[in-house]
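# Topology and contacts: notes
In case you want the letters, here they are:
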Amino acid sequence: MSDLTELSASEIVRRVSAREVSAREVARAHLDRIARIDAAIDAFLHVAAERALDAAGRVDAEVAAGAAPPLAGVPVAIKDVLDIEGVPTTCGSRILEGYRPPFTATAVARLEAAGAVVLGKTNMDEFAMGSSTENSAFKATRNPWARDRVPGGSSGGSAAAVAAGMAPVALGSDTGGSIRQPAAMCGVVGLKPTYGRVSRYGLVAFASSLDQVGALTRSVDDVARVATALFGWDPKDATSARIEVPDLARGLSGTAAGLRVGVPWRFLAQGVDEGVMSAFRAAVEALRAAGAEVRQVDLPHVAHAIATYYIVATAEASSNLARYDGVRYGLRAPAEGSGGAGEPPQLDERARIHSARPYDLRRMYGETRDRGFGPEVKRRIILGTFVLSSGYYDAYYLRAQKVRTLIRRDFEEAFAACDVIATPTSPIPAFRLGEKTADPLQMYLADIFTVPANLAGIPGLSVPCGLTGGLPVGLQLLGRPFDEATLLRAGHAYQAVTTHHLARPKDL
């Protein structure tokens, strides 16, 4: 059954629907591969083997009844920032260790309703804050292409799982590039949809105006099939859009004829690794050879995107993470006067505890957050609290929102002259574990090409476009809001004339 882990999602659907293989056999093959190789990659935080096999059995029953669902039997890995009823959700943080949500995220529920089989939860930077998956409180994930390198982040566990053949599909979240950047570093495809395309219900919030759920796969064809199941309005999410969802897989023509591809060459003039730039130039020429018209576009304000992003994102994070206080759920540190960690005071001590309550609560809040949050999360909470403070709100947060508007207008003007915009996904290939942890600013710059899409709310796609020094390089394509169809068409046309997406890590 080992060959089943080499199949694309589309081929799994075809074979399961034709009853050439059962969904349980497909699930078992992937679970066996996880058991065999994940100790070397550390992509998963939790494997739900029994739940997966039960779900696969239900898919087989549907197929036997003549009602094969659109994602029949496709194994899926889920980033540990999306809730699944009864399955641990930690967000890579000690503060949520042991938490089992009582509901399932809409994005996960839609995939399961379409016949997908959830294998488990993948590792991530704590609360999605990081670009390397080294900020997880539990372990660092390794890049399947080179195990001394990072897989990118924050969806590094999901990207590594797909690259290593442990799942043909994985869900991630993208706040500033957290799907596309690890997709590029692990040599897989990653889609960040338009803000509002996919419900955020059940997605643990980092920065609510930036977060978006998306998919990682090995091909554009597969990501289009998954996106069709994911997209759509959700009454549980006030930010989801009431926009019709096309059959994205059917719109893939395999040709770039008539496509106008804009390239912001001035923005790419410096700071890009030579090998990455060489692969990007070759990708642009491949699109031209496939029939696309390549044009120069300008994005004059995107140079300020990193600074803008780390003001807006940290401000929203400081607000969203205030809920982790030891009272509602998750970790609770002991407070003086209580009966111990997580235990309420005894009734016969009511008078004494009442008089000391303000002191005890403050200590419990502080101890809980100090023990539960890691250094990067604390750093961003402090930054966010600072930029929202009364003396600095206008100087930082309000100004950042104004620049965000200018960045969005840059894209609106650029899309008047082109259909998609092409850049490298990351300015550098996967770096070594520990290489950038001492300098957070250098880590943040790894997202320079991805954060503008989140600030503008537009869709972005990363596809493999070659290797440099044996490490994958990603081509990023950006599209107009809610025009994922054109974006995916461009990515599919590129893959039709190249073979980079067929490359796989060795020695696994």
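All values reported here derive from a predicted model rather than from experimental measurement.

## Observations concerning empty space enclosed by the protein
According to the stated counting rule, one finds 4 cavities of 30 Å³ or more in the structure shown. In this structure, the largest cavity spans a volume of roughly 60 Å³. A class-by-class count of the residues in the lining of the largest cavity yields 4 nonpolar, 6 polar and 2 charged.

## Comments concerning the sheet that holds strand β3 (residues 117-122)
Taken in spatial order, the 11 strands of this open sheet run β1-β3-β2-β4-β6-β5-β10-β11-β9-β7-β8, and their pairing is mixed. Each edge of the sheet is formed by a strand with only one pairing partner; in this case those strands are β1 (44-47) and β8 (293-296). Direction aside, the axes of adjacent strands within the sheet are offset by 30 degrees on average. Pairing analysis gives 2 bridges linking strand β7 (residues 260-263) to strand β9 (residues 420-424), with the strands arranged parallel. Each bridged residue has a counterpart across the sheet, and for Gly262 the counterpart in β9 is Ile421. Seen against the sheet, helix α4 (residues 106-113) touches β2 (75-79), β3, β4 (169-173) and β6 (213-217) and runs at an angle of roughly 165 degrees to β4. This element, helix α7 (residues 220-230), spans β4, β5 (189-192), β6 and β10 (460-468) of the sheet and lies at about 150 degrees to β6.

## What to know about a nonpolar patch on the surface
A cluster of nonpolar side chains, namely Val327, Leu361 and Tyr365, defines an oily patch on the protein surface of about 220 Å² accessible area. Mapping Val327 onto the fold places it in the loop between α9 (305-320) and α10 (350-372). Residue classification places Val327 among the partly exposed positions, given a relative accessible area of 41%.

## Topic: unusual backbone geometry
Of note, the amide linkage connecting Gly153 to Ser154 takes the cis form, showing an omega dihedral of 10 degrees. Its place among the elements puts Ser154 in the loop between β3 and α5 (156-163). Not every positive phi belongs to a glycine, and Phe127 is a case in point at roughly 50 degrees. In this fold, Phe127 is placed in the loop between β3 and α5.

The rules we used
- Residues numbered from 1 in each chain as written.
- Predicted model: local features only at pLDDT ≥ 70, side-chain atom pairs only at ≥ 80, totals over all residues.
- Heavy atoms only, no water.
- 1 Å grid on protein atoms, 1.4 Å probe; cavity = no way out; pocket = protein on both sides within 12 Å on 5 of 7 lines; lining within 4 Å.
- Points joined across faces, edges and corners; volume = space filled by probe spheres on them.
- Nonpolar A, V, L, I, M, F, W, Y, C, P; charged D, E, K, R; others polar.
- Pairing = 2+ DSSP bridges.
- Helix = DSSP H or I, 4+ residues; strand = E, 2+ residues; numbered from the N terminus.
- Axes fitted to C-alpha atoms, helices over the stretch in contact; angles between N-to-C directions.
- Contact = heavy atoms within 4.5 Å.
- Patch = residues over 30% accessible without salt bridge, like charges linked within 9 Å, V, L, I, M, F, W, Y side chains within 5 Å.
- Areas by Shrake-Rupley, 256 points an atom, 1.4 Å probe, with all protein chains shown as cover.
- Salt bridge = Lys/Arg side-chain N within 4 Å of Asp/Glu carboxyl O.
- Buried < 20%, exposed > 50% of the residue type's maximum accessible area, 1.4 Å probe, protein only.

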